[in-house]
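# Analysis of the macromolecular model
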Amino acid sequence: MKRKLLWRWRRNPLRRRSDRVETWIVLVTWIVALAGGLLAGEAAGSAMEDDLTTRRAAVHSVSAVLTENADRTPAVTADGTGGTVRAKVRWTAPDGSTRTGVTRTEPGRTAGSPVTVWIDRRGDLQRAPLTAGEATLQSALTGVLVAVGTGAVAFGCGRLARLRLDRRRMRDWEAEWARVAPSGGRT
């Protein structure tokens, strides 16, 4: 088995320079695809985790009140938020000013009902941050996607390099055949 794995590295007087180049292309492609994919995936996942942690730390929840009755039936939307409706709310910002805005809440709530909203340090409404588990899952999926993409790009580049090498071999073979082929059109 070991002999079969190292067949490209064996000594052979018929081995061309292009065979050695192809061997190095395959080796470098595999190294970049595996190691580069793993490193890029880890870096992307870690960066995503840091970004989501920063976002989670930048917002906090406050109590707000509905300023109008919420719709009784939720609309089904493309983003899958069919279980909630939009309603106007009022809350107090960190600087003490009263603010109003629109947020999602359960259907059928009446004006004056308390709701929880998420705001940033300026007091502007923000989406609720992802939970720690959701953030971990999103970071992991991002890392896997980047790792697979990096590996695919490396394999694509390696395949392209080998294709160009094969075309060069064919041109060299045609030139050599034209030089040594029997004349008269009979082969």
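Residues numbered from 1 in each chain as written. Predicted model: local features only at pLDDT ≥ 70, side-chain atom pairs only at ≥ 80, totals over all residues. Heavy atoms only, no water.

### Let's talk about helix 3 (residues 132-180)
Note that an α-helix has 3.6 residues per turn; residues three or four places apart therefore point the same way. In a regular helix each residue adds 1.5 Å, so 49 residues correspond to 72 Å; helix 3 covers 71 Å between its end C-alpha atoms and thus fits that length. Contacts made by the buried residues of helix 3 are with helix 2 (17-58). (Helix = DSSP H or I, 4+ residues; strand = E, 2+ residues; numbered from the N terminus. Expected span 1.5 Å × (residues − 1). Contact = heavy atoms within 4.5 Å.)

### With respect to helix 2
With 42 residues, helix 2 ought to run about 62 Å at 1.5 Å a step, and its terminal C-alpha atoms sit 59 Å apart, in line with that. Along helix 2, the sharpest change in direction is near 25° and occurs at G36. (Bend = angle between axes of the 7 residues up to and from the residue.)

### Thoughts on the nonpolar core
Core analysis: the largest hydrophobic core is formed by 11 residues, namely V62, A64, L66, A70, V85, A87, V89, W91, V115, V117 and I119. Elements that contribute at least two residues to this core include exactly strand 1 (60-66), strand 2 (85-92) and strand 4 (114-119). Other than its neighbours up to four places away in sequence, A87 contacts L66, E68, A70, G101, V102, T103 and T105. (Core = buried A, V, L, I, M, F, W, Y, C linked by side-chain atoms within 4.5 Å. Buried < 20%, exposed > 50% of the residue type's maximum accessible area, 1.4 Å probe, protein only.)

### Here we look at the packing of aromatic side chains
Taken as a whole and judged by the stated rule, the model has two aromatic pairs. Their ring planes at 85° and their centres at 4.9 Å tell us that W30 and F155 sit as a pair that is edge-to-face. Taken as a pair, W30 in helix 2 and F155 in helix 3 lie far apart in primary sequence, 125 residues in all. Taking the relative accessible area as the measure of exposure, F155 reaches 35% and is therefore partly exposed. Consider the rings of W173 and W177, whose centres lie 6.1 Å apart with planes at 10°: the pair is stacked. In this pair, W173 and W177 are both assigned in helix 3, four residues apart and thus about one turn of the helix distant. (Phe/Tyr/Trp six-rings, centres within 6.5 Å; stacked < 30°, edge-to-face > 60°.)

### Description of a nonpolar patch on the surface
Taken together, the side chains of W24, L27, V28, I31 and V32 present a nonpolar region at the surface, about 450 Å² in accessible area. Relative to the elements of secondary structure, W24 occurs in helix 2. (Patch = residues over 30% accessible without salt bridge, like charges linked within 9 Å, V, L, I, M, F, W, Y side chains within 5 Å. Areas by Shrake-Rupley, 256 points an atom, 1.4 Å probe, with all protein chains shown as cover. Salt bridge = Lys/Arg side-chain N within 4 Å of Asp/Glu carboxyl O.)

### Considerations on the layout of surface pockets
Here the largest pocket defines a volume of roughly 710 Å³. Along the walls of the largest pocket sit 22 residues, with W118, Q126, R127, A128 and P129 positioned nearest its centre. Counting only elements with at least two residues in the lining of the largest pocket, the list comes to helix 2, strand 3 (98-105), strand 4 and strand 5 (125-126). Among the elements that make up the lining of the largest pocket, the one with the highest residue count is helix 2 (four residues). Here the lining of the largest pocket is built from residues that sort into 10 nonpolar, four polar and eight charged. A volume near 220 Å³ is recorded for the second largest pocket. Looking at the lining of the second largest pocket, the elements that each hand over two or more residues are helix 2 and helix 3. When residues of the lining of the second largest pocket are assigned to their parent elements, the largest contribution, six residues, is made by helix 3. (1 Å grid on protein atoms, 1.4 Å probe; cavity = no way out; pocket = protein on both sides within 12 Å on 5 of 7 lines; lining within 4 Å. Points joined across faces, edges and corners; volume = space filled by probe spheres on them. Nonpolar A, V, L, I, M, F, W, Y, C, P; charged D, E, K, R; others polar.)

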